[in-house]
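Residue strings, one per chain:
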Amino acid sequence: QVQLVESGGGLVQPGGSLRLSCAASGSIFVIYGMGWYRQAPGKQRELVADITRGGSTNYQDSVKGRFTISRDNAKNTVYLQMNSLKPEDTAVYYCNADLLSSAIPAMKNYWGQGTQVTVSS
């Protein structure tokens, strides 16, 4: 059974920083793309940033220059460093991964349970 577990969310003042982590565990052969999504109240879930296994990254325009996605393939972990946070960054942040596990002989997409990020003074 594969699980994605996020950590690092919380309450931060505008202009502050947070670092999110997401660790994948279980019978994993290989993780391909990993990413972070977010969903604010009353809004659809949206892509924040994603990263390929080789390290190529992609960002939503609103976070470019402020957020940095990275990963440690040896630890099956993806990170999101968030700087210069704004109130509009407030949302539940979800980890996402495409991976191949021993239980299912095909690539499958997995989601974490989400972690709340609140930017407020």
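Placed above this text is the structure.
Here is a short report on the structure shown in this document.

How each quantity is defined
- Residues numbered from 1 in each chain as written.
- Predicted model: local features only at pLDDT ≥ 70, side-chain atom pairs only at ≥ 80, totals over all residues.
- Heavy atoms only, no water.
- Phe/Tyr/Trp six-rings, centres within 6.5 Å; stacked < 30°, edge-to-face > 60°.
- Helix = DSSP H or I, 4+ residues; strand = E, 2+ residues; numbered from the N terminus.
- Buried < 20%, exposed > 50% of the residue type's maximum accessible area, 1.4 Å probe, protein only.
- Lys NZ or Arg CZ within 6 Å of the ring centre and 35° of its normal.
- Core = buried A, V, L, I, M, F, W, Y, C linked by side-chain atoms within 4.5 Å.
- Contact = heavy atoms within 4.5 Å.
- Disulfide = S-S within 2.5 Å.
- Salt bridge = Lys/Arg side-chain N within 4 Å of Asp/Glu carboxyl O.

**Observations concerning the packing of aromatic side chains**
What the rule picks out here adds up to two aromatic pairs. Centre to centre, the rings of Y37 and W111 are 4.9 Å apart; their planes meet at 65°, and the pair counts as edge-to-face. Highlighted residues: Y37 in strand β4 (residues 28–39) and W111 in strand β10 (residues 108–111), separated in sequence by 74 residues. Ring plane angle 85° and centroid distance 6.5 Å describe the contact between Y94 and W111, whose orientation is recorded as edge-to-face. On the criterion of sequence distance, the pair formed by Y94 in strand β9 (residues 91–101) and W111 in strand β10 is long-range, its members being 17 residues apart. W111 sits in the partly exposed class, given a relative accessible area of 38%. Ring pairing ties together the aromatic residues Y37, Y94 and W111, which thus form one cluster. The residue whose ring lies beneath R19 is Y79, and the NZ or CZ to ring-centre distance is 4.1 Å. Over the ring of W111 we find R45; its NZ or CZ atom is 4.6 Å from the centre of that ring.

**Observations concerning the nonpolar core**
For soluble globular proteins, the rule of thumb is that nonpolar side chains tend to be buried together. W36, L80, M82 and Y93 are the most contacted members of the largest nonpolar core, which has 31 residues in total. Of all the elements in the fold, those that place two or more residues in this core are β3 (18–25), β4, β5 (46–51), β7 (67–72), β8 (77–82), β9 and β11 (115–119). Filtering out sequence-adjacent residues up to four positions away, L80 remains in contact with L18, R19, L20, W36, V48, A49, F67, T68, I69 and Y93.

**A few points about the environment of Q44**
Mapping Q44 onto the fold places it in the loop between β4 and β5. Sequence-distant contacts of Q44, that is, excluding residues within four places in its chain, are made with R38 and Q39.

**Description of the state of the cysteines**
In a disulfide, the sulfur atoms of two cysteines are covalently bonded to one another. On inspection of all chains with the given rule, the structure shows one disulfide. Bridging C22 to C95, the disulfide has an S-S length of 2.1 Å. The sign of the -80° torsion about the S-S bond sets the C22-C95 disulfide as left-handed. Of this pair, C22 sits in strand β3 while C95 sits in strand β9, and the two are 73 residues apart along the sequence.

**Considerations on the pattern of salt bridges**
Evaluated as defined, the whole model comprises four salt bridges. A salt bridge links E46 to R38, with the nearest nitrogen and oxygen atoms 2.8 Å apart. On the accessibility criterion, E46 (33% relative accessible area) is partly exposed. According to the relative accessible area criterion, R38 is buried, its value standing at 6%. Put simply, K64 and D61 hold a salt bridge, and the shortest N to O gap is 3.0 Å. We classify D61 as exposed; its relative accessible area is 62%. Through salt bridges with shared partners, a single network forms among R38, E46, R66 and D89.

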